[in-house]
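Survey of secondary and tertiary structure
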Amino acid sequence: MSHTFIIIDDNQDDVTKTQAIAERFRNLSYVGTAASYDEGVNLILEHQPHLVFLEIDPSDKKSNLSLSLINELYRYLTVVPKIIITTSKKELAYDALKYEVIDYLLKPLDINDFRKAILKFDRAIKSDLPHLEVKNPAATFEVLDETVTETLEAETEHDVTVKTVAVADNPFVIQKKSLIICIKSYGDYRYIDSNDILYFEADNNSTDIHLNNGEMITAFKTLKHFETVLPESQFLRIHNSYIINVDQVSRIHTGNTVCYIKNSTTKLPFSKSYKDNVDLIINRIAGGNYLEI
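Each chain has its residues counted from 1, following the order in which its sequence is written. The predicted nature of this model means local features are confined to residues of pLDDT at least 70 and side-chain atom pairs, given and counted, to a pLDDT of 80 or more, with totals for whole chains, interfaces and linings taken over all residues. Only heavy atoms go into the side-chain values, all of them from the structure, while hydrogens and water stay out.

Some details on the pairing of strand 1 (residues 3-8)
For clarity, the threshold we go by: Type-normalised accessible area, obtained with a 1.4 Å probe on protein chains alone, sets the label of each residue: buried when under 20%, exposed when over 50%, and partly exposed for intermediate values. Under the scheme used here, helices are H or I runs from DSSP no shorter than 4 residues and strands are E runs no shorter than 2 residues, and both carry numbers assigned from the N terminus. Any two strands with at least two DSSP-identified bridges between them are counted as paired. Seen with its strands pointing away from the viewer, a crossover is right-handed if its path from the first strand over the helix to the second goes clockwise.
Counting buried positions along strand 1 yields five of six residues, so the element is predominantly enclosed. Relative to strand 2 (residues 28-34), strand 1 is paired through six bridges, and the arrangement is parallel. For I8, the partnering residue across the bridge sits in strand 2 and is A34. Between the parallel elements strand 1 and strand 2, the chain passes through helix 1 (residues 12-22) in a crossover that is right-handed. Pairing geometry for strand 1 and strand 3 (residues 51-54), over four bridges, is parallel. Directly across from I8, in strand 3, lies its bridge partner L54.

Right under this line is the structure:
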């Protein structure tokens with residue numbers, strides 16, 4: 001199966017190098033290139049590729065290339081393409097992780113790191129389409145013949161170095177089985193289905209876990225600890241005091257800066273410092289089986 005890809009980058013030299021490396025993989029099919037935010041969005045909407053290589057720190061700031069392009073896609077597409085970030089700025093890696101990117105590659109690109117990113121993409125695609133059977137996954141992205149390989153390596157031998165920022169192996173792919181959280185205290189093991197959790201609330205150095213049956217469980221861990229270990233595909237921090245279950249949100253009022261919990265009168269405030277996470281919640285809900293009236 002051939003997977004189409006688009007490159008969004010305002011630096012033509014970098015576009016050429018990215019395309020050259022990508023075309024070493026037989027089932028990646030090049031569609032086109034865009035050099036600005038608007039061009040990139042329009043190109044993606046027109047062709048709806050499987051994969052996008054995205055620059056988020058452009059040399060020409062007027063191009064407006066940034067992570068916000070990903071948010072824009074959720075307004076129009078039910079299935080958003082997989083994104084691989086290609087940039088020279090490593091400081092944006094943490095922010096990129098929140099946008100469900102497959103990987104974050106630093107320029108100049110390295111073929112070995114690029115290959116790993118493509119394999120992550122392959123795995124993500126197969127997770128989305130479990131009915132697809134690939135008998136020999138290694139052959140799926142077989143490198144082109146050696147003459148092409150040698151030519152490309154000769155061209156990039158002096159300007160390619162290993163500078164990849166590690167990104168977790170696609171933590172945003174939702175698991176078929178719900179996560180079980182174990183609260184352990186002096187031999188007492190309390191097992192909680194993550195789907196039953198409404199939200200986490202900070203209480204000094206402990207955290208109160210509010211469940212959909214009205215029960216509250218206290219864990220002697222800080223909210224910051226939970227923020228670092230919980231899957232961002234399901235839980236996002238919206239306030240210094242709250243982490244919310246994305247699947248339990250029934251309403252978001254941006255004017256009053258509050259989130260409402262399903263089947264309850266509970267409403268939680270969100271702060272400006274976590275507004276990006278609230279935007280992610282809005283976009284994820286819009287990206288599902290969704291009708292806006």
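The structure having been displayed, the exposition proceeds.
Focus on the sheet that holds strand 4 (residues 82-87)
Put simply, the rule is: Fitted lines through C-alpha atoms give the axes, limited to the stretch in contact for helices. The angle between two N-to-C directions lies from 0 to 180 degrees.
Taken in spatial order, the five strands of this open sheet run 2-1-3-4-5, and their pairing is parallel. Pairing within the sheet leaves two strands with one partner each, and these edge strands are strand 2 and strand 5 (103-106). Direction aside, the axes of adjacent strands within the sheet are offset by 20 degrees on average. One ladder, built from four bridges, connects strand 4 with strand 5; its direction is parallel.

Some details on the nonpolar core
One broad trend across soluble globular proteins is that nonpolar side chains are buried collectively. Quick reminder of the rule: Residues enter a nonpolar core if they are buried and are Ala, Val, Leu, Ile, Met, Phe, Trp, Tyr or Cys, with the set joined through side-chain atoms within 4.5 Å. Whether two residues are in contact is decided by their heavy atoms, any of which lying within 4.5 Å being enough.
I8, L54, I85, I238 and I244 are the most contacted members of the largest nonpolar core, which totals 42 residues. If we skip the residues at most four places from it in the chain, I238 touches I244, C259, L268, P269, F270, S271, Y274, V278 and I281. L28, F53, I102 and I125 belong to the second largest nonpolar core, which has 20 residues in total.

Looking at the pattern of salt bridges
To keep things clear, this is the line we draw: Definition used for salt bridges: Asp or Glu carboxyl oxygen within 4 Å of a side-chain nitrogen of Lys or Arg.
If you walk through the whole model with that rule in mind, you get 11 salt bridges. E72 is the partner of R75 in a salt bridge, and the nearest nitrogen-oxygen pair spans 3.3 Å. We classify E72 as buried; its relative accessible area is 17%. When the shortest N-O distance is used, the salt bridge between E100 and R284 registers 2.9 Å. One end of the pair, E100, is in the loop between helix 4 (93-97) and strand 5; the other, R284, is in helix 9 (residues 275-286), and 184 residues separate them in sequence. For E100, a relative accessible area of 24% translates into the label partly exposed. Classification of R284 as buried rests on a relative accessible area of 15%. Each of D9, D14, E55 and K107 takes part in one network of salt bridges that share partners.

Quick look at the packing of aromatic side chains
This is how the line gets drawn: Stacked, tilted and edge-to-face pairs are distinguished by plane angle, under 30 degrees for stacked and over 60 for edge-to-face with tilted covering the rest, among Phe, Tyr and Trp rings (Trp via its six-membered ring) whose centres lie within 6.5 Å.
Using the criterion set out here, one finds seven aromatic pairs in the structure. Here the aromatic cluster, defined as three or more aromatic residues joined through ring pairs, consists of F5, F25, Y30, F53 and F114.

Focus on the side chain of Q248
In this fold, Q248 is placed in the loop between strand 12 (242-245) and strand 13 (249-253). The exposure class assigned to Q248 is buried, which follows from its relative accessible area of 12%. Residues in contact with Q248, not counting those within four places in the same chain, are N195, I197, L198, Y260, I261 and K262.

A short note on unusual backbone geometry
Cis peptide bonds are those with omega within 30 degrees of zero, and the linkage from K107 to P108 qualifies with -5 degrees. Residues other than glycine seldom take positive phi values, yet T257 does so here, at roughly 50 degrees. Looking at the secondary structure, you find T257 in the loop between strand 13 and strand 14 (258-261). Notably, N263 is not glycine yet its phi reads approximately 55 degrees, a positive angle. Position of N263 relative to the elements: it lies in the loop between strand 14 and strand 15 (267-269).

Remember, this is a structural readout, not a statement about activity or role.
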